[in-house]
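Chain and residue survey
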Amino acid sequence: NVSEIFRGLTPIMGKTMPNGGITYSIGMFEKVADAKQARDYVKSIGLTDAFVIASYDRKKVTIAEAAKLEKK
């Protein structure tokens with residue numbers, strides 16, 4: 001069960017890829033540190049290609065930009 005794997009991280013969104021694989025997006029965080037902690041947990045359970053994507057006002061931003069926005 002996907003929700004058991006990601007232990008309380010919500011929301012969980014899955015997307016089927018053209019090759020039949022599934023990619024997951026998990027969590028919505030207000031702090032970069034919280035997102036990185038969730039990424040580290042996911043990597044620790046064996047999903048080594050996990051990474052953080054930041055967005056602001058529905059637009060993708062860099063992690064550095066997100067960290068600056070967080071301090072405002």
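Up top you'll find the structure we're talking about.
Structural notes, computed from the coordinates. (Residues numbered from 1 in each chain as written. Predicted model: local features only at pLDDT ≥ 70, side-chain atom pairs only at ≥ 80, totals over all residues. Heavy atoms only, no water.)

What to know about the overall build of the chain
Rule in force here: The numbering of helices and of strands both runs from the N terminus, where a helix is a DSSP run of H or I of at least 4 residues and a strand a run of E of at least 2. Three exposure classes are used, based on accessible area relative to the maximum for each residue type with a 1.4 Å probe and protein chains only: buried under 20%, partly exposed in between, and exposed over 50%. Residue contacts follow a heavy-atom distance rule, with two residues in contact if any of their heavy atoms lie within 4.5 Å. All accessibility values rest on the Shrake-Rupley procedure with a 1.4 Å probe; residue burial counts only the protein chains present in the view.
Across its full length, the chain carries three helices and four strands. In the chain, the succession of α and β elements from N to C terminus is α-β-β-α-β-β-α. Principal-axis analysis of the C-alpha atoms gives the chain an extent of 40 × 25 × 20 Å. Scored against the burial criterion, the 72 residues of the chain give a buried share of 17%. Once local pairs closer than 6 in sequence are excluded, the contacts in the chain between residues at least 24 apart make up 25%. Working note: accessible area of the chain is about 6000 Å², and carbon and sulfur atoms make up 53% of it.

Re the layout of surface pockets
Basically, it comes down to this: Cavity and pocket criteria rest on a 1 Å grid covering protein atoms alone: a 1.4 Å probe that fits but cannot get out defines a cavity, protein on both sides within 12 Å along at least 5 of 7 lines defines an open pocket, and an atom within 4 Å of a point defines a lining residue. Grid points are joined across faces, edges and corners, and a volume is the space filled by probe spheres set on the points.
When its volume is computed, the largest pocket comes out at roughly 1200 Å³. As for the largest pocket, its lining consists of 36 residues, of which Ile26, Gly27, Phe51, Val52 and Ile53 are closest to the centre. Listed by contribution, the elements that provide at least two residues to the lining of the largest pocket are helix 1 (2-5), strand 1 (12-16), strand 2 (22-26), helix 2 (32-44), strand 3 (54-56) and helix 3 (63-70).

A closer look at the pairing of strand 2
Under the convention used in this document: Here, strands pair whenever DSSP counts at least two bridges between them.
Pairing of strand 1 with strand 2 involves five bridges; the strand directions are antiparallel. Considered in strand 2, the bridge of Ile12 is made with Ile26.

Remarks on the pairing of strand 1
Burial runs low along strand 1: only zero of the five residues are buried. Here strand 1 hands over to strand 2 after five residues, with Gly20 in that stretch at a positive phi of 95 degrees.

Details of the pattern of salt bridges
Threshold: What makes a salt bridge here is a side-chain nitrogen of Lys or Arg within 4 Å of a carboxyl oxygen of Asp or Glu, nothing more.
Counted according to the given criterion, the structure contains one salt bridge. Residues Asp40 and Arg39 are paired through a salt bridge, measuring 3.0 Å at the closest nitrogen-oxygen approach.

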